[in-house]
Every structure is written in structure tokens, then in C-alpha cells.
Amino acid sequence: MSTGPAGYRAIFLGPEQKPKFVEESVLLPCLEEGEVLAKVRAATICPSDIHTVTGLRKEPTPSVLGHEAVVEVVESRRRDSALRIGDRCTFSIADSCGSCTPCVSELPQKCKSLFKYGHSHVSIGGGFTGCYASHIIIRRGTHIVPLPAEISDRMGAPINCALATMVNCVSHLSNKRCDSAIIQGDGLLGLYGCALLREMGCSKVYCQGKRPNRFPLVTKFGGIPLAADEPIPNEENNIDVIIEVCGSPDALTTGMRYLRPGGTYIIAGMVHPRSELKVTGEQLIRKCVTLIGVHNYSPTHLEAAVRFMVSTRNKYPYEEVVGQAFHLREIEAAVSAASEKVHHRICILP
């Protein structure tokens with residue numbers, strides 16, 4: 001059953017379709033217990049959506065893509081929540097049950113009944129389950145965090161993907177030595193990682209990438225920019241921590257040369273099947289490496305991400321990572337601009 005007001009959404013038809021997107025206006029569905037109806041204030045295009053649009057990643061179609069956004073509460077059916085109409089918020093990209101084994105083991109992003117925003121068929125959940133739309137219905141098992149006025153919509157939109165994921169990555173380093181680090185990848189995960197590690201007291205954070213136009217931003221976020229294939233002098237067997245967020249399995253082959261014995265290697269970017277590693281068990285054992293895989297995050301990481309951005313908002317140029325803004329009706333142009341990778345993110349305004 002639907003309510004009176006209408007919303008609109010960009011329906012993704014599939015990578016082989018022309019056009020790939022069509023705009024559709026439909027009545028907003030009634031909320032179920034525990035759900036929240038929110039207006040999308042600003043969304044940003046994550047590279048994973050580019051992979052879906054180009055066919056590198058398979059998702060159900062037709063669908064409403066998009067999971068990075070700042071939203072505004074329009075209606076709430078959460079009885080035990082302090083949410084108020086008009087609150088600006090971010091939210092977890094995964095909805096979870098809270099009671100299965102992964103959920104009670106602090107891995108709600110691996111819930112047995114997991115639902116992820118921007119990755120479902122349009123027939124599921126009222127059809128407003130992605131951020132490339134005027135509204136989104138946030139499910140009862142989704143963590144919602146209000147945003148303070150100090151965080152603008154442009155700053156806040158990527159929090160619930162890139163920043164929260166990197167907060168999860170560095171959370172594994174709380175009891176480990178981390179005076180030097182390499183981040184493999186100069187995307188938004190890499191930039192946020194530079195800032196997070198620097199604020200943890202890491203004195204040297206190398207950030208390797210393939211796009212020299214991004215090097216100035218790496219510096220602004222506290223990193224030392226390097227080309228992906230550029231040797232790092234005097235650092236073999238000397239780096240405490242390496243975080244892979246570039247998506248290339250070859251990165252580990254290079255990184256192992258620099259990681260010190262007893263060092264920590266975190267892999268978070270190779271979320272695709274073409275990721276067979278060329279590292280032997282002997283290499284890992286003889287170096288006593290701690291190898292950690294990180295995927296998405298939990299509600300505590302999202303809350304920490306918001307606090308981190310608030311506390312460092314005057315130190316790092318969060319606004320600069322988001323480039324041109326497009327209206328939702330211009331979504332194909334927005335996706336094209338995002339594919340050029342001039343900016344870390346492209347903004348969509350409904």
C-alpha cells in the first residue's frame with residue numbers, strides 16, 4: 001500500500017541497456033514498524049557503482065543504485081529512537097538482524113539475513129532502497145547516526161562507505177606498533193586512511209597510486225604520495241603496517257618486500273574474484289605477518305567515523321574530495337564523470 005506523496009528514482013536497467021537509467025515517479029510506500037522514510041539530500045557515486053553500471057559487477061536489475069548519502073528524516077516508525085523529523089543523518093550501508101551468530105560476534109555486515117542498500121531488485125523493500133532517488137526507506141535493522149551542522153552534505157555523503165570502512169581497518173591497529181605505513185591505493189579510502197593513521201601518531205604514511213593528479217590531495221591528507229611502481233628507498237623490511245585498498249592482488253607481492261617481520265598487512269580493496277594472491281605461506285610464516293581481511297564495518301565504526309570527521313574538519317579538506325554536482329535526471333552524465341576518476345567522488349542532488 002502507498003501513501004499520498006510521490007517520490008522519484010533513477011532505475012538502473014542494466015549495463016547492456018540503452019539508456020541504462022530511466023527516471024520514474026511513483027507513490028511512496030507506507031512504512032512498516034521500525035522503518036524510517038528519509039529524503040536524500042546529497043548522494044555520491046562510489047566506484048563499486050561504476051563497476052555495476054559497466055558490467056564488471058553483477059547486481060539484480062532493474063534496481064536503484066547508490067549507498068553513499070546524507071539523508072533527512074521525513075517520517076519515522078522507530079518507537080525507541082531519538083530521531084526527529086528534519087534530522088540530517090548518515091546510515092549503515094548494511095541492514096542486519098542483530099541476533100544471528102555474525103551479528104552477536106560484532107560482524108553485523110556478515111548477517112545471515114543481510115540486506116545492502118543500492119544492491120537490490122526494485123521490487124524489494126518498496127523500491128526505495130538506493131540513494132539515486134528522492135527518498136530512501138531505511139530498514140529497522142539499519143544503524144542511523146545524526147550529523148552535526150559542522151559536517152556539510154558534501155563532506156558527509158561518503159562517510160558511510162569509505163570513511164567508516166577505513167575506521168574499521170585502523171581499529172585493528174590499536175595495540176600494534178604503527179610508526180610507519182604504506183597505503184596501496186590513492187582513492188578515497190587511501191586519503192581517509194592517511195588522515196586516520198596520522199591522527200593515530202603514525203609519522204610516515206606513504207600512499208601509492210596511479211594518478212599523479214591526486215598527489216596534491218594525498219599530501220593535504222597527511223600522506224607521502226608515490227607512484228604505484230615507485231621504489232621506496234631504505235624501507236625494505238622496515239614498514240610496520242600496510243593497508244591495501246587498490247584492488248590489485250599484485251600489490252601484496254610488492255608490499256611484502258617492505259613489511260617488517262612481525263608487521264601487519266590489512267587487505268580491504270580486493271572485493272572481486274580476480275584477486276588470487278601471489279604470496280606463499282612460507283613468506284607469511286617466516287615474516288610472522290599478521291594478515292587481516294576487512295569488509296565494510298559495524299555501527300561502532302560508523303559512529304567513530306562521524307566523530308573523526310567532526311574533530312578533524314578544519315585540518316583536512318573533506319570538501320575537496322567531491323567534485324561536480326549533477327541533478328538526478330543527469331545521472332548518466334554523472335556516472336560518466338565519475339568514470340573519468342578526475343575527482344574521488346561525484347555528487348548527485350535529487
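Now for a look at the structure at hand. (Residues numbered from 1 in each chain as written. Predicted model: local features only at pLDDT ≥ 70, side-chain atom pairs only at ≥ 80, totals over all residues. Heavy atoms only, no water.)

1. So, the side chain of glutamate 35
Along the chain, glutamate 35 turns up in the loop between β2 (21–29) and β3 (36–44). We note that glutamate 35 is buried and unpaired, the nearest opposite charge coming from arginine 139 at a distance of 5.4 Å. If we skip the residues at most four places from it in the chain, glutamate 35 touches Cys30, Ser76, Arg77, Arg78, Ile137, Ile138, Arg139 and Arg140. (Helix = DSSP H or I, 4+ residues; strand = E, 2+ residues; numbered from the N terminus. Buried < 20%, exposed > 50% of the residue type's maximum accessible area, 1.4 Å probe, protein only. Lys, Arg positive; Asp, Glu negative; His and termini not counted. Salt bridge = Lys/Arg side-chain N within 4 Å of Asp/Glu carboxyl O. Contact = heavy atoms within 4.5 Å.)

2. Here's the deal with the sheet that holds strand β13 (residues 239–244)
Read across the sheet, six strands follow the order β12-β11-β10-β13-β14-β15 without closing on themselves; strand pairing throughout is parallel. For this open sheet the edge positions go to β12 (224–227) and β15 (290–293), each flanked by a neighbour on one side alone. The average angle at which neighbouring strand axes cross in this sheet is 20 degrees, direction not considered. Bridge analysis of strand β14 (residues 259–267) against β15 gives four bridges, and the strand direction is parallel. Along β15, the bridge assignment pairs tyrosine 265 with leucine 291. The strands that helix α7 (residues 250–258) touches are β10 (180–184), β13 and β14; relative to β14, the one it contacts most, it runs at about 150 degrees. (Pairing = 2+ DSSP bridges. Axes fitted to C-alpha atoms, helices over the stretch in contact; angles between N-to-C directions.)

3. Things to note about the pattern of salt bridges
By the definition in use, this model includes 21 salt bridges. The partner of glutamate 319 in a salt bridge is arginine 154, and the shortest N-O contact between them spans 3.1 Å. Note that glutamate 319 is positioned in the loop between α9 (299–312) and β16 (322–327) and arginine 154 in helix α3 (residues 153–156), a separation of 165 residues in sequence. On the basis of relative accessibility, which here comes to 34%, the residue glutamate 319 falls in the partly exposed class.

4. Remarks on the pairing of strand β5 (residues 88–91)
Each regular strand shows side chains that alternate between the opposite faces of the sheet. Side chains of β5 alternate between two faces, with Arg88 and Thr90 and Cys89 and Phe91 buried alike. One ladder, built from two bridges, connects strand β4 (residues 68–76) with β5; its direction is antiparallel. Each residue of the ladder has a partner; that of valine 71, found in β5, is cysteine 89.

5. A word on the packing of helix α5 (residues 188–199) against α9
The contact between α5 and α9 brings their axes to 12 Å, and the two run at 75 degrees. Here α9 runs roughly perpendicular to α5, going by the angle between their axes. Contacts from Tyr192, Ala195, Leu196 and Glu199 of α5 reach α9 at Phe308, Met309 and Thr312. Across the contact of α5 with α9, the residue classes break down as five nonpolar, one polar and one charged. (Parallel < 35°, antiparallel > 145°, perpendicular 65-115°, else oblique. Nonpolar A, V, L, I, M, F, W, Y, C, P; charged D, E, K, R; others polar.)

6. Quick look at the environment of arginine 274
Secondary-structure assignment places arginine 274 in the loop between β14 and α8 (281–286). Residue classification places arginine 274 among the exposed residues on the basis of a relative accessible area of 61%. With 27 residues separating them along the chain, arginine 274 and glycine 247 place their C-alpha atoms 9.2 Å apart. What arginine 274 contacts, discounting residues up to four positions off in sequence, is Leu56 and Pro249.

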